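# Summary of the model geometry
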Amino acid sequence: MKFDVVVVGAGPAGLCFARSLRDSGLSVAVVEKQPLEAIADPAFDGREIALTHASRRILEGLGLWQAFDPDDISDLRDARISDGDSAHALQISARDGRSEKLGWLVPNHVIRRAAWQAVSTQDNVELVAGCGVQAVAEGGDGVTVSLEDGRHLSARLLVAADSRFSQLRRMLGVGARSRDHGVRMMVCRFRHTRPHGHVAWEWFDYGHTLALLPLNGNLSSAVLTLSPAEMERTQGMDDVALAADLQRRMRGRLGEVTMTGSRHVYPLVSVYADSFVARRAALIGDAAVGMHPVTAHGFNLGLQGQERLAGAVLAAHRSGADIGADAVLARYHRQHHAAALPIYAATRTVLRLYNDEHRVARVLRRATLRVANRVAPFRRAIAAHLTQA
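Residues numbered from 1 in each chain as written. Predicted model: local features only at pLDDT ≥ 70, side-chain atom pairs only at ≥ 80, totals over all residues. Heavy atoms only, no water.

## What about the pairing of strand β14 (residues 199-204)?
Defined as follows: Buried means the residue's accessible area, taken with a 1.4 Å probe over protein chains only, is under 20% of the maximum for its type, while exposed means over 50%, and partly exposed covers the values in between. We count a stretch as a helix when DSSP gives it H or I for four or more residues in a row; a strand needs E for two or more, and each element gets its number in order from the N terminus. Note: two strands are recorded as paired if DSSP finds a minimum of 2 bridges between them.
Across the six residues that make up β14, a large majority, six, are buried. As paired elements, strand β5 (residues 78-83) and β14 share six bridges and run parallel to each other. Among the inter-strand pairings, Asp-83 is bridged to a residue of β14, identified as Phe-204. When β14 meets strand β15 (residues 209-214), the two strands line up antiparallel, connected through four bridges. Its bridge partner lying in β15, Trp-201 is registered against Leu-212.

Have a look at this one:
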């Protein structure tokens, strides 16, 4: 089975990359270990994705944004970052970026479903579902992918989009700096009696971190980060006890809380690949950079990465060049590394400062938030980054 491109991983990054190659004349195979039903109709996983203006532009260009139900799109107008019970918070307003919104929130499963629906209509894409990759061999002008069912796929370019725990990355011999943060993240929805004003909150409290993501109506998503032992205790709470616990952690800012829907718990591991390319192969999405969710950049960075790779591949294809050539992939690596490394490093710095429970660190982070909130150019720079299309 011969293709121009083989993509391993039918998550948002892999599917969006395949979508970016529509009408190109390039044949694409998308390999996914999950069954077709899980790709076509993904289950709700609790995750709400904060999308920037640049991400909306990309999704509109791919025809995905138009497929979202308007009720699934929640405005994100402002953001506040607080430390413990301090009265001082860093407030980032959409007005700082000269816009009405900082961004939007869309459920992860809604994005995945729209991506599959768009790709499934493409004549140049073939989905190989329910089967994983067993081995990879590079040679000459192509690469051969051996599947677990005995089939073999050959391509000029292989793309790894199979999560931050990428098996394909290992098969390609690409190392990664991986950090297990030693905590667990719970995401769940809740209703509250006071309006949220479409403001996102991030509380760096002592012993835990709590983020509030405002959804339509008096509905929000909580992102609670705890130690494994504390998370096990919290998971054992019934809905009434968990609602009371969240209300206490939020210090009653949203009034009375009532849980709604399911809970989902994930380990927090961040990853940065040593290289975003190998011989005739490229890494995108979490396989390249798996971000900690504290700065909400992971999904947006993944979208930008697939766009950069698609741009390099399409430019080579139009000029008659080899789409898997070292020079083509090096262009993608340089561009994405230059964009990703500062964000990854800044996120690590924030985590080190705000997860440090020592008294000096507490004083420093409160002072940092207080000073940052008073520096208008700093706030405008953050807002401009989020609102720039």
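## Things to note about helix α3 (residues 53-61)
Those residues of α3 not exposed but buried are His-53, Ala-54, Ser-55, Ile-58 and Leu-59. Immediately beyond the C-terminal end of α3, within one or two residues, lies Gly-63, with a positive phi of roughly 80 degrees.

## Overview of the sheet that holds strand β4 (residues 74-76)
Test applied: Each axis is a line fitted through C-alpha atoms, and for a helix only the stretch in contact is used; angles between axes span 0 to 180 degrees, taken between their N-to-C directions.
Read from one edge to the other, the open sheet built from three strands follows the order β3-β7-β4, with strand pairing classed as antiparallel. Edge positions in the sheet fall to β3 (48-51) and β4, since each of these pairs with one other strand and no more. The mean angle between the axes of side-by-side strands here comes to 30 degrees, regardless of whether they run parallel or antiparallel. Judged from the three bridges that link them, β4 and strand β7 (residues 103-107) form a sheet pairing that is antiparallel. For Asp-75, the partnering residue across the bridge sits in β7 and is Trp-104.

## Quick notes on the side chain of Arg-169
Convention followed: By the counting rule applied here, Lys and Arg register as positive and Asp and Glu as negative, while His and the ends of each chain are not counted. Note on definitions: salt bridges are taken to be side-chain nitrogens of Lys or Arg within 4 Å of carboxyl oxygens of Asp or Glu. Here, residues are in contact when the closest pair of their heavy atoms is within 4.5 Å.
Within the secondary structure, Arg-169 is located in helix α5 (residues 167-171). Here Arg-169 is buried and forms no salt bridge, its nearest opposite-charge partner Asp-162 lying at an N-O distance of 6.8 Å. Apart from the residues within four sequence positions on either side, Arg-169 is in contact with Ser-163, Arg-164, Val-174, Gly-175, Ala-176, Val-271, Ala-273, Leu-283, Asp-286 and Ala-287.

## Structural notes on the packing of helix α1 (residues 12-20) against helix α4 (residues 108-119)
Note the following rule: Comment on the angle field: the value is read as roughly parallel under 35 degrees, roughly antiparallel over 145, roughly perpendicular from 65 to 115, and oblique elsewhere. The sense of a crossing depends on the near helix, which, turned anticlockwise from the far helix by less than a right angle, makes the crossing left-handed and, turned clockwise, makes it right-handed. Each residue is assigned to one of three groups, with Ala, Val, Leu, Ile, Met, Phe, Trp, Tyr, Cys and Pro labelled nonpolar, Asp, Glu, Lys and Arg labelled charged, and all others, Gly among them, labelled polar.
Direction vectors running N to C along α1 and α4 enclose 30 degrees, while the axes themselves pass 9 Å from each other. When the interaxial angle is binned, α1 and α4 end up roughly parallel. By crossing handedness, the relation of α1 to α4 is classed as left-handed. Residues Pro-12, Leu-15, Ala-18 and Arg-19 of α1 touch α4, and the partners they reach there are Asn-108, Arg-112, Ala-115, Trp-116, Ala-118 and Val-119. Of the residues assigned to the contact of α1 with α4, the class counts are seven nonpolar, one polar and two charged.

## Let's talk about the packing of aromatic side chains
For clarity, the cut-off: A pair of Phe, Tyr and Trp rings is counted when the ring centres sit within 6.5 Å of each other, with Trp represented by its six-membered ring. The angle between the planes then sorts it: under 30 degrees is stacked, over 60 is edge-to-face, the rest tilted.
Using the criterion set out here, one finds five aromatic pairs in the structure. Note on Trp-65 and Trp-104: the rings are 5.6 Å apart at their centroids and 75 degrees apart in plane angle, and the pair reads as edge-to-face. Of this pair, Trp-65 sits in the loop between α3 and β4 while Trp-104 is found in strand β7, placing the two residues 39 residues apart along the sequence. Judged by relative accessible area, which is 8%, Trp-65 ranks as buried. An aromatic cluster is present here, built from Trp-65, Phe-68 and Trp-104 joined pairwise through their rings.

## Here's the deal with the environment of Ser-120
Among the structural elements, Ser-120 can be located in the loop between α4 and β8 (125-129). Its relative accessible area of 40% is what places Ser-120 among the partly exposed residues. Residues Ser-120 and Leu-15, 105 residues apart in the sequence, show an inter-C-alpha distance of 9.6 Å.

## Regarding the pattern of salt bridges
Side chains that differ in sign of charge can pair as their charged atoms come close. Summed over the entire model, instances satisfying the criterion amount to 18 salt bridges. Between Asp-245 and Arg-249 there is a salt bridge whose closest N-O contact spans 2.8 Å. A residue pair is termed a helical-turn pair when its members lie 3 or 4 positions apart in one helix, as Asp-245 and Arg-249 do in helix α7 (residues 239-249) at four residues. Pair check on accessibility: Asp-245 and Arg-249 agree, each one buried. Each of Glu-230, Arg-233, Asp-245, Arg-248 and Arg-249 takes part in salt bridges that share partners, so that together they form one network.

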